[in-house]
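Inside the fold
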Amino acid sequence: MSTLLIKGGTVVSATGRTAADVLVDGERIVAVLQPGSTLLGHDLAAGVDTVIDATGKYVIPGGIDAHTHMELPFGGTNASDTFESGTIAAAWGGTTSIIDFAVQKYGEAVETGLAAWHDKAGGNCAVDYGFHQIIGGVDEQSLKAMETLVDEGISSYKLFMAYPGVFYSDDAQILKAMQKAAELGLMTMMHAENGPAIDVLAEQLYESGRTAPYFHGIARAWQMEEEATHRAIMLADLTDAPLYVVHVSAKQAVAQLAAARDRGKNVFGETCPQYLYLSLEEQLGAGGEDGFEGAKWVCSTPLRSREEGHQDAMWQGLRTNDLQMVSTDHCPFCMKGQKELGKGDFRAIPNGIGSIEHRMDLLYQGVVTGELTLERWVELTSTTPARMFGLYGTKGVIAPGADADIVVYDPAGHTSIGYPTLPDGSPSGRSHHMNMDHSAWEGYEIDGHVDVVISRGSVLVADEEFHGRAGHGRFLKRGLTQYLT
Ligand code: URP
Ligand code: ZN
Ligand code: ZN
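Residues numbered from 1 in each chain as written. Chains lettered and ligands numbered in written order. Predicted model: local features only at pLDDT ≥ 70, side-chain atom pairs only at ≥ 80, totals over all residues. Heavy atoms only, no water.

What follows deals with the overall build of the protein chain. Across its full length, the protein chain holds 14 helices and 21 strands. By the compact-globule yardstick of 23 Å for 485 residues, the protein chain fits well, its C-alpha radius of gyration being 22 Å. Expressed along its principal axes, the backbone C-alpha trace of the protein chain runs to roughly 75 × 55 × 40 Å. Looking at the protein chain residue by residue over its 485 residues, the buried ones come to 61%. Sequence-distant contacts, at least 24 apart, represent 77% of the contacts inside the protein chain between residues at least 6 apart. Accessible area of the protein chain: about 17500 Å², with a carbon and sulfur share of 50%. Within the protein chain, one finds 35 positive and 63 negative side-chain charges whose respective centroids are separated by 4 Å. (Helix = DSSP H or I, 4+ residues; strand = E, 2+ residues; numbered from the N terminus. Rg over C-alpha atoms; globule rule 2.2 N^0.38 Å. Buried < 20%, exposed > 50% of the residue type's maximum accessible area, 1.4 Å probe, protein only. Contact = heavy atoms within 4.5 Å. Areas by Shrake-Rupley, 256 points an atom, 1.4 Å probe, with all protein chains shown as cover. Lys, Arg positive; Asp, Glu negative; His and termini not counted. Charge placed at Lys NZ, Arg CZ, Asp CG, Glu CD.)

Given below as structure tokens:
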């Protein structure tokens, strides 16, 4: 067991910041001390195996990305990050835990889907990982299987009001699943978009010759998100099931969440970096004669109009706690061979954006611009995910007894985001570590830098080098959400 001292930094939590040294023994934090403290007269720095100088830097709990899709089969292909490549990229970006979505496909047993996810992830992750369970076919068998999830360490499951014929659940199925979830204390995660109506609109657009990626967002109009969010809230209310709406992008959906919360309901919402920064207008303007470059930003829910104020509403929701978390919905696809499946038909573009490496940096820009406090940054990216999904105490906090998942973040540092090679094949001088042939964030310049990343006492990233390994990450058996009343 080795010991480690992080010295001279500012330790930031969800509730405050303080100058402190952090002492790690083995996998755990054992003390948070006044700067320069000695222990029974002994100089701590002299007695530990490794000293990390964090002078002028923030020392924060490792990021928790509660919404990822490694290797997700979707749109006739698979998300391009494996658990190995995706979790290495996570580590580079200061994320030390992920919660991925195990998939139960329609007609398959939940246990089979879950076992497949354990097979994919087990022994391959560079950071700790847990699972939510997608229930892609609500029936008597899957409802029964939900009863075993809590014992498996899976305290949340996801339903889809979108994607008819793939993951879609109708209202009767949702009602039954929520009744079961309320009984078990499971958190219902909802993809809230009116899928059947969207499919009609998408077909009409396609038939009228509007086939470019931009029309993905036109078909998935905000009314489709607001309506489904409202319906999900009402079904949750009726069944007394706590509800967590994933990847919120429409300001009207935030308003629905806020109104429900004001009525005292156990309703929560997450947004993602793409809905804070990217917009439908940029997607329309994305290069290429056919606008196909915009395919890199095809995701669901879709990007929304900046002019209509959706991005501003997301930032406001994060400030006012009408939105509680920022996850990535990391679901990467390459342009070549994957996104290009939808050339000439936006409906066939695999949905998803890769951001796992950039979440901490991108959200830190909210601190730089004054949208968020430093403490809120930590709360949104680590502490609330831990509390929401049954990890708090072990994760999400720098305190004695917690896992030593720690990031040293340099506010004076700089990060250039991009993809390794320019279209002509020459090196761009920028890079990322996600398994993608492009970046949805190409050209973003970040004030701040992830300097050191520690997972359960092991240094994964330092001095611009990766020191971790696939297989270091352990499965996280999660408890119930702390937000149940
Ligand atoms: O575009 C997205 N979000 N792809 C991943 C699947 C989902 O709905 O979360
Ligand atoms: Zn979704
Ligand atoms: Zn997702």
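Next comes the rest of the description.
Here we come to helix H8 (residues 222-239). Here H8 is 18 residues long and its end C-alpha atoms lie 26 Å apart, about the 26 Å a rise of 1.5 Å per residue gives. For H8, the complete set of buried residues consists of Met224, Glu225, Ala228, Thr229, Arg231, Ala232, Ile233, Leu235, Ala236 and Thr239. (Expected span 1.5 Å × (residues − 1).)

Attention now moves to the coordination of the zinc ion (ligand 2). Those protein atoms acting as donors to the zinc ion (ligand 2) are Lys158 (NZ), His191 (ND1) and His247 (NE2), and they sit at 2.1 to 2.3 Å. Sequence spacing of the donors to the zinc ion (ligand 2): K-x32-H-x55-H. The metal-metal distance between the zinc ion (ligand 2) and the zinc ion (ligand 3) comes to 3.9 Å. With His191 in strand S14 (residues 187-191) and His247 in the loop between strand S15 (243-245) and helix H9 (251-262), this pair connects stretches of sequence that are 56 residues apart. This pair shows no difference in class: His191 is buried, exactly as His247 is. (Donors = N, O, S within 2.8 Å, 3.2 Å for Na, K, Ca; no water.)

Those donors, His67 (NE2), His69 (NE2) and Asp329 (OD), are the protein atoms that reach the zinc ion (ligand 3), and they lie 1.9 to 2.2 Å from it. Around the zinc ion (ligand 3), the 4 donor atoms are arranged such that angles at the metal cover 86 to 140 degrees; this shape is classified as irregular. Overall, His69 belongs to the buried group, its relative accessible area being 4%. (Tetrahedral: all angles 85-135°; square planar, octahedral: opposite > 155°, others 65-115°.)

Take the site of ligand 1 next. Around ligand 1 lies a shell of 13 residues, among which Lys158, His191, Ser300, Asp329 and Asn351 are the nearest. In the environment of ligand 1, an oxygen atom lies 3.4 Å from a nitrogen or oxygen atom belonging to the backbone of Gly352. Starting from 270 Å² of accessible surface for ligand 1 in isolation, the protein chains cover 99%. Among the residues making up the shell around ligand 1, the classes are represented as 4 nonpolar, 7 polar and 2 charged. (Near = heavy atom within 4 Å. Polar contact = N/O pair within 3.5 Å; in protein donor to acceptor, adjacent residues only side chain to side chain. Nonpolar A, V, L, I, M, F, W, Y, C, P; charged D, E, K, R; others polar.)

This part is about the sheet that holds S14. Taken in spatial order, the 8 strands of this open sheet run S8-S11-S12-S13-S14-S15-S16-S17, and their pairing is parallel. Both edges of this open sheet fall to strand S8 (63-68) and strand S17 (325-326), since each of them pairs with a single strand only. Pairing geometry for strand S13 (residues 156-160) and S14, over 5 bridges, is parallel. Bridging from a neighbouring strand, Phe160 pairs with His191 of S14. On the sheet, helix H13 (residues 359-368) packs against S8, strand S11 (95-104) and S17 and is oriented at approximately 110 degrees with respect to S8. Helix-sheet contacts for helix H14 (residues 374-388) involve S8, S14, S15, strand S16 (267-271) and S17, and the interaxial angle to S8 is about 65 degrees. (Pairing = 2+ DSSP bridges. Axes fitted to C-alpha atoms, helices over the stretch in contact; angles between N-to-C directions.)

Tracing the backbone through its elements, the reader meets Phe292 in the loop between helix H11 (280-285) and helix H12 (310-320). The exposure class of Phe292 is buried, given its relative accessible area of 8%. Sequence separation between Phe292 and Asp437 is 145 residues; the distance between their C-alpha atoms is 15 Å.

With that out of the way, let us pick up the packing of aromatic side chains. Each aromatic ring pair is characterised by the separation of its centres together with the angle its planes make. A complete count under the given rule lists 18 aromatic pairs for this structure. Here Trp441 and Tyr444 contribute two aromatic rings whose centre-to-centre distance is 5.2 Å and whose plane-to-plane angle is 80 degrees, an arrangement assigned as edge-to-face. The class of Tyr444 is partly exposed, set by a relative accessible area of 22%. The structure contains a cluster of three or more aromatic residues connected by ring pairs, namely Phe74, Phe160, Tyr163 and Phe167. Over the ring of Phe101 we find Lys158; its NZ or CZ atom is 5.3 Å from the centre of that ring. The ring of Trp297 carries Lys296 above its face, with NZ or CZ at 4.8 Å from the centroid. (Phe/Tyr/Trp six-rings, centres within 6.5 Å; stacked < 30°, edge-to-face > 60°. Lys NZ or Arg CZ within 6 Å of the ring centre and 35° of its normal.)

Structurally, the position occupied by Asp21 is in strand S2 (residues 17-25). Lys7 is the oppositely charged side chain nearest to the buried, salt-bridge-free Asp21, at an N-O distance of 4.8 Å. A distance of 2.9 Å separates a polar side-chain atom of Asp21 from the backbone nitrogen of Gly8. Of the polar contacts made by the side chain of Asp21, one reaches the backbone nitrogen of Gly36; its length is 2.8 Å. Dropping the residues within four chain positions of it, Asp21 is found in contact with Leu5, Ile6, Lys7, Gly8, Ala31, Val32, Leu33, Gln34, Pro35, Gly36 and Ser37. (Salt bridge = Lys/Arg side-chain N within 4 Å of Asp/Glu carboxyl O.)

Packing of H13 against H14 brings their axes to within 9 Å, and their N-to-C directions diverge by 150 degrees. Here H13 lies roughly antiparallel to H14, going by the angle between them. The handedness of the crossing between H13 and H14 comes out as right-handed. Of the residues in H14, those touching H13 at Arg359, Met360, Leu363, Tyr364 and Val367 are Leu374, Trp377, Leu380 and Thr381. Grouping the amino acids of the contact of H13 with H14 by side-chain chemistry returns 7 nonpolar, 1 polar and 1 charged. (Parallel < 35°, antiparallel > 145°, perpendicular 65-115°, else oblique. Left-handed = near helix turned anticlockwise from the far one by under 90°.)

Fair warning: the whole summary comes from geometry, so function is off the table for now.
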